[in-house]
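So the chains spell out like this:
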Amino acid sequence: ASGARIEVGTTARSLARRSDGGWTIVVGSADEPRLVQADAVIVAVPARPAARLLSEVAPAAALELARIEYASVALVTMAFAQRDFPAVVGSGFLVPPVEKRMIKAATFSFAKWDWVREAGNGTLVMRCSLGRHRDEHQLQVSDEELVEIALGDLADAIGLSVRPIDQHVQRWGGGLPQYAVGHLDRIATVRAEVGRLPGLAVCGAAYDGLGIPACIASAHLAVSTLLPDLPVRTYVGLGRMSPWQPA
Ligand SMILES: Cc1cc2nc3c(=O)[nH]c(=O)nc-3n(C[C@H](O)[C@H](O)[C@H](O)COP(=O)(O)OP(=O)(O)OC[C@H]3O[C@@H](n4cnc5c(N)ncnc54)[C@H](O)[C@@H]3O)c2cc1C
């Protein structure tokens, strides 16, 4: 109804400030680049592509963003016959690095969400999260091996002794930003430089928290900093839609 145009699956390649204060974004493939003109831009991509986009217009912010490291994650989702699964308490558990295990967390999805248990109709679905920061090499094995590793850790943790009736492995390379000591100062530096450029803001998991609510809050903050200066209510989104898998 607002007349907004939403483009998904389009890569933003570079960002430049026009002499009249507006913005030009180069989008599309390297072979067929296109220009998008905008009154304001919210850079809502992960830290490294954000650093590339900001490198010309906000080099200090780009430098800080480029330093944010990301961890990769693999999710091993498994289905078990209810009669085979050991009795467990709660909706799952977390595993600290000191345990020297590959699983970081187990979520008993059937216990966490009633609808998962009901939909299972006697089949229990649960999942393990594997992969720690700077241990990406541990994920460079086949899906089958990841399932075996998860089963081994579950055997030790909850006494699981049966195999799943089905399994699915999903990999999220570089999916989780890591907040190092000094992160708040880093983000303050980014926002200070970006904030000096009217019509530009940043948001997403790299800034104020990586859970969905924190990402939404950072988006609200970005929009609220831009709206007062906009000549008209114009919005060009730079994010690309991804499938969402609940933890
Ligand atoms: C396995 C896993 C499980 C999680 N579980 C939970 C959970 O249970 N609850 C919870 O609250 N949070 C969870 N999180 C965290 C949360 O999902 C993420 O932190 C959040 O979705 C990040 O949102 P975002 O918009 O910042 O980034 P993203 O969702 O990564 O969106 C950024 C988008 O930018 C696009 N992009 C990148 N470069 C460009 C470019 N140059 N041009 C255009 N587009 C570009 C990408 O394709 C991507 O679509 C989980 C994360 C992972 C990896």
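Placed above this text is the structure.
Figured I'd write up the structure that's included with this text. (Residues numbered from 1 in each chain as written. Predicted model: local features only at pLDDT ≥ 70, side-chain atom pairs only at ≥ 80, totals over all residues. Heavy atoms only, no water.)

What follows covers the pattern of salt bridges. Under the definition given, this model contains twelve salt bridges. In this structure, Arg171 engages Asp143 in a salt bridge whose closest nitrogen and oxygen atoms are separated by 2.7 Å. Pair noted here: Arg171 is in strand 9 (residues 166-177) and Asp143 is in helix 5 (residues 143-158), with a separation of 28 residues, a long-range link. Residue Asp143 is classed as partly exposed on the basis of its relative accessible area, which comes to 32%. Of the charged contacts in the structure, one is a salt bridge between Asp208 and Arg191, with a shortest N-O distance of 2.8 Å. Taken together, the positions of Asp208 in the loop between strand 10 (200-202) and helix 7 (212-226) and Arg191 in helix 6 (residues 183-195) put the pair 17 residues apart, joining distant regions of the chain. On the accessibility criterion, Asp208 (39% relative accessible area) is partly exposed. Classification of Arg191 by relative accessible area gives partly exposed; the value is 26%. Through salt bridges with shared partners, a single ionic network connects Arg5, Glu7 and Arg34. (Salt bridge = Lys/Arg side-chain N within 4 Å of Asp/Glu carboxyl O. Helix = DSSP H or I, 4+ residues; strand = E, 2+ residues; numbered from the N terminus. Buried < 20%, exposed > 50% of the residue type's maximum accessible area, 1.4 Å probe, protein only.)

Moving on, we come to the environment of Ile149. Tracing the sequence through the fold places Ile149 in helix 5. Taking the relative accessible area as the measure of exposure, Ile149 reaches 27% and is therefore partly exposed. Spatially, the C-alpha atoms of Ile149 and Gln138 are 10 Å apart, while their sequence positions differ by eleven residues.

Further remarks concern the packing of helix 1 (residues 47-54) against helix 2 (residues 59-66). It is at 8 Å that the axes of helix 1 and helix 2 come closest, and there the two elements cross at 160 degrees. Taken together, the axes of helix 1 and helix 2 are roughly antiparallel relative to one another. Judged by the twist between their axes, the crossing of helix 1 over helix 2 is left-handed. Residues Ala47, Arg48, Ala50, Ala51 and Leu54 of helix 1 touch helix 2, and the partners they reach there are Pro59, Ala62, Leu65 and Ala66. (Axes fitted to C-alpha atoms, helices over the stretch in contact; angles between N-to-C directions. Parallel < 35°, antiparallel > 145°, perpendicular 65-115°, else oblique. Left-handed = near helix turned anticlockwise from the far one by under 90°. Contact = heavy atoms within 4.5 Å.)

Counting 30 residues, the largest nonpolar core has Leu15, Val43, Leu54, Leu65 and Leu200 as its most contacted members. Only strand 1 (12-17), strand 2 (23-28), strand 3 (33-38), strand 4 (41-43), helix 1, helix 2, helix 6 and strand 10 provide two or more residues apiece to this core. Examining the composition of this core, we find that five residues originate from one element, helix 1, more than from any other. Ignoring any residue separated from it by four or fewer positions in sequence, one finds Leu54 in contact with Leu15, Val43, Pro59, Ala62, Leu65, Val194, Leu200 and Val202. Judged by nonpolar contacts, the second largest core, of 24 residues, contains Phe108, Cys128, Leu151 and Ile158. (Core = buried A, V, L, I, M, F, W, Y, C linked by side-chain atoms within 4.5 Å.)

This part is about the sheet that holds strand 7 (residues 103-107). Read across the open sheet, the five strands follow the order 6-7-8-5-9; overall the sheet is antiparallel. Either end of the sheet is taken by a strand with one partner, and the two such strands are strand 6 (92-94) and strand 9. On average, each strand axis in the sheet is inclined to that of its neighbour by 20 degrees, with strand direction left out of account. Pairing between strand 7 and strand 8 (residues 123-130): four bridges, direction antiparallel. Across the sheet, Ile103 pairs through a bridge with Leu130, a residue of strand 8. The sheet strands contacting helix 5 are strand 5 (70-81), strand 6, strand 7, strand 8 and strand 9, and the helix crosses strand 5 at an angle near 70 degrees. (Pairing = 2+ DSSP bridges.)

A few words now on the side chain of Glu193. On the secondary structure map, Glu193 appears in helix 6. Although Glu193 is buried, it makes no salt bridge; Arg196 carries the closest opposite charge, 5.3 Å away. Here the side chain of Glu193 touches Ala61 through a polar contact of 2.5 Å, landing on its backbone nitrogen. Ignoring sequence-local partners within four residues, the contact set of Glu193 consists of Ala58, Pro59, Ala60 and Ala61. (Lys, Arg positive; Asp, Glu negative; His and termini not counted. Polar contact = N/O pair within 3.5 Å; in protein donor to acceptor, adjacent residues only side chain to side chain.)

Once that is clear, we can look at the sheet that holds strand 1. One open sheet holds the three strands; their spatial order is 1-2-3, and the pairing between them is antiparallel. Where the open sheet ends on each side, the last strands, each with one partner, are strand 1 and strand 3. In this sheet, adjacent strand axes meet at a mean angle of 20 degrees when their direction is disregarded. With six bridges connecting them, strand 2 and strand 3 associate as antiparallel partners. Residue pairing in the sheet places Val27 in a bridge with Arg34 of strand 3.

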